Amino acid sequence: MGKIYGIDLGTTNSCISVLQEGRPHIIPVDGNGIVPSVVSLDGTNLLVGRKAWNRAAAFPEQTIRSVKRLMGTMEKLTLGGKEYEPEDISAMILRYLCDEAHKIEGREIENVVITVPAYFSDAQRRATMEAGKRAGLAVERIINEPTAAALFYDHVFASYGEPDLKNSSAKGSRPAPSQRTGEEYALVYDLGGGTFDVSVLRMGEIIEVLASTGDTHLGGDDFDKRIVTRILRQIKEKDGLDLEDHVPAVARLNAVAEKAKISLSEKASVRIEETHIPAPKGNCTVSMELSREEFESMTEDFVDRTVASVEKAMEEAQLSAEKIGKVLLVGGMTRMPVIAARLEKIFGSARMPVVDPDLSVANGAAIQGGIISGENCEQILVDVTPHTLSLESISFDFERLECAPIIPRNTQIPVTRARTFGTVSYHQKAAELKVYQGESHFPEDNTLIGETYLELAPAEAHCPIVVEYSYDLNGIVHMVAEQKGYSRKTEVRIDSRNPQLFSSQGLKEIEGDTENEDEEEIEVEVEEGANAINFVTQHARNMLSKMPAGEKKDVLAETLARYERALLDDGDDGNNVDEIEDELLSLMEEEIEVADEDADDNADEE
Ligand code: ADP
Ligand code: MG
């Protein structure tokens, strides 16, 4: 295998790196290697990177930025009257990085490792892989950005002793890995243009992610918007102009605000002076002073949110702040002094080495590429699932639908886990299988990523259904469900970019066992009790919720309660489940007929 390049495909900026003689080296695309993740149309020419960025403020309608925020959605983007999917735009950025790197390196780039925020969902990871494919690249691995940053930190620290991370090609003698300071924990705080990630890692020979959390909708753009809002308010007060919805003005102001924000990382105050703000009737102007202090208080809630995530990550890793040996700051936004100041309050400055916040992710990806191609095998990367993956089931008390976790969040991947559920009723016809990701017990608070049905062979109630989830190294989910003893089996094919379409695919019978090549041994936990799906109760409950109060509703509620109790008792104390089910069904049928008649009456009246 040839060289594997590491790509940080960022919301705002992207970067490409490769190992040279065991050291990661940023390829200086667009001058310094920090390539704006921007695509712009100039006549019939598609521009990417710095050139596109330069046009962004003047031609916002012909420019696409922050496409990473749309990855994993079905949203379409238009450019020059043509429609694109987010994957297409990301593919253009990847292609540009590789073409430019090719010109500089003189070597064709085919294999890559791409990083994503740790908090990226399955759909977002898949979309990222798809973008790589559309760019004609072989995506060897998708890895989490904080993991990459830590890998880079560890590599440089191990290589050069002193973490002089401002310059990754720093000279120094390379101590043997055994001379390292031993096991310690690190926290990676990554605040970029559009996403925030925080992870707790165990550093050492093996880097292990203990916890990762964050916010896919918090980044520098949000900080910029606060400044834009302030400027818009001033224009409104001064000129009586409301430019909030005037795209060219907002685009111009975004650029102005970002510039001001960046200056405030160096200076205590900045003068915002702009004479060419496009307004519907001619240009307008703004002139205002913004101090760092003011800016910090305007955006304090954002920083608070990141600090809350930091605490959550430590809690999940079951580590107190004293246990964290290193805090790595990643992402351009961490150049804002208040970020380091807030974290220093928690961790102290001694534990915060200076890592180049813009380059460490791409460099880490290059190191991972080297590990895969066998160039550098010192570190082994262990990654974890960012979300809990669960199956919708009926709660033990039959009160509600809940999510039964199959692969808990922060489980090391690759992993295959199975859990046994049971049918609720005798001769149950099918089981509805809904895959959720998220931390809530309640399906409505989690994200549905796929669903299917398993048609069942006639069997007793409580017939076991084994549901197995696999989570591979790229963070992609596969589900296999099987009715035990009847070899009825279904496999989920999650088109997670479009979970709704997926559900209509229905049942797929497969033969034999699915392969679990590089996955860990299957663990099967058998659940106590019937934690399963019953359409009768579901429909009855649904119906009850829509019925007006009255005797009929009371009778139905009473019968349903009796039915549910009978299901739980499983006929043990002389209950006849089938009889009660018939009773319940006939009540429900009556209700449906009444509803139909009402509907007909209404239609007649009209
Ligand atoms: P991403 O990983 O999302 O692509 P980056 O890590 O490149 O993002 O960070 C981009 C963000 O960092 C932008 O919002 C940019 O304005 C901000 N940024 C860059 N440099 C500075 C700085 N010196 N001070 C404050 N913010 C900065
Ligand atoms: Mg980034």
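Residues numbered from 1 in each chain as written. Chains lettered and ligands numbered in written order. Predicted model: local features only at pLDDT ≥ 70, side-chain atom pairs only at ≥ 80, totals over all residues. Heavy atoms only, no water.

J.: Explain the overall build of the protein chain to me, please; I cannot follow it from the model alone.
T.: Counting its regular elements, the protein chain contains 14 helices and 28 strands. Each of the 606 residues in the protein chain was classed as buried or not, and the buried ones make up 54%. In the protein chain, the share of contacts with a sequence separation of at least 24, taken over all contacts with a separation of at least 6, comes to 66%. Total accessible area computed for the protein chain in this model is approximately 27,000 Å², and 48% of it derives from carbon and sulfur atoms. (Helix = DSSP H or I, 4+ residues; strand = E, 2+ residues; numbered from the N terminus. Buried < 20%, exposed > 50% of the residue type's maximum accessible area, 1.4 Å probe, protein only. Contact = heavy atoms within 4.5 Å. Areas by Shrake-Rupley, 256 points an atom, 1.4 Å probe, with all protein chains shown as cover.)

J.: Sorry, what's going on with the pairing of strand β15 (residues 269–278) here?
T.: Side-chain positions along a regular strand alternate between the two faces of the sheet. Note: β15 against strand β16 (residues 283–291), eight bridges, orientation antiparallel. Paired with I272 across the bridge in β16 is M288. What sits between the antiparallel neighbours β15 and β16 is a turn of four residues, in which G282 has the positive phi angle 75°. (Pairing = 2+ DSSP bridges.)

J.: Sorry, what's going on with unusual backbone geometry here?
T.: Most of the time, phi is negative for any residue but glycine, and the peptide bond is trans. Phi at H427 is positive, roughly 55°, even though this residue is not glycine. Checked against the element boundaries, H427 lands in the loop between β22 (415–422) and β23 (430–437). In this structure, H462 is a non-glycine residue whose phi angle is positive, near 70°.

J.: For this particular structure, what's the right way to read the environment of W53?
T.: In this fold, W53 is placed in helix α1 (residues 50–56). Residues W53 and S40 lie 13 residues apart in sequence; the distance between their C-alpha atoms is 7.6 Å. What W53 contacts, discounting residues up to four positions off in sequence, is P36, V38, R65 and E258.

J.: I'm lost on the site of ligand 1 in this one. Help?
T.: Around ligand 1 there are 16 residues in total, and T12, G193, E258, K261 and S265 lie nearest to it. G332 places a main-chain nitrogen or oxygen 2.9 Å from an oxygen atom of ligand 1. With respect to ligand 1, the backbone of M333 contributes an N or O atom lying 3.2 Å from an oxygen atom. In isolation ligand 1 offers 580 Å² of accessible surface; the protein chains occlude 90% of this area. (Near = heavy atom within 4 Å. Polar contact = N/O pair within 3.5 Å; in protein donor to acceptor, adjacent residues only side chain to side chain.)

J.: What am I meant to see in the pattern of salt bridges here?
T.: When the charged atoms of two side chains with opposite charge come close together, those side chains can pair. This structure, assessed with the given rule, holds 29 salt bridges. Measuring nitrogen to oxygen at the nearest pair gives 3.0 Å for the salt bridge that ties K238 to D239. Given a relative accessible area of 44%, K238 falls into the partly exposed group. Take D239: its relative accessible area is 35%, and that puts it in the partly exposed class. Through salt bridges with shared partners, one network takes in K76, E85, D88, E130, K133 and R134. (Salt bridge = Lys/Arg side-chain N within 4 Å of Asp/Glu carboxyl O.)

J.: It is not clear to me how the sheet that holds β23 should be interpreted in this structure. Could you clarify?
T.: For sheets, the rule is that strands pair by backbone hydrogen bonds, running either parallel or antiparallel. The strand order β20-β19-β23-β24 describes an open sheet built from four strands, whose pairing is antiparallel. Looking along the sheet, the strands with just one partner apiece sit at the ends: β20 (401–407) and β24 (447–455). For this sheet, the mean angle separating the axes of adjacent strands, direction not counted, is 30°. Of the strand pairs in this sheet, strand β19 (residues 389–394) and β23 are connected by three bridges, and their pairing is antiparallel. Across the sheet, the residue bridging to L389 is Q437, located in β23. (Axes fitted to C-alpha atoms, helices over the stretch in contact; angles between N-to-C directions.)

J.: Hey, could you run me through the pairing of strand β6 (residues 45–48) in this one?
T.: Pairing of strand β5 (residues 39–42) with β6 involves four bridges; the strand directions are antiparallel. Bridge assignment links D42 to a residue of β6, and that residue is N45. Connecting β5 to the next strand, β6, in antiparallel fashion are two residues, including G43 with a positive phi near 65°.

J.: What exactly am I supposed to notice about the sheet that holds β5 here?
T.: The three strands are arranged β6-β5-β7 in an open sheet whose pairing can be described as antiparallel. Sheet topology places β6 and β7 (63–64) at the edges, where each strand pairs with a single neighbour. With respect to the sheet, helix α2 (residues 86–105) is in contact with β5, β6 and β7, its orientation differing from that of β6 by roughly 70°.

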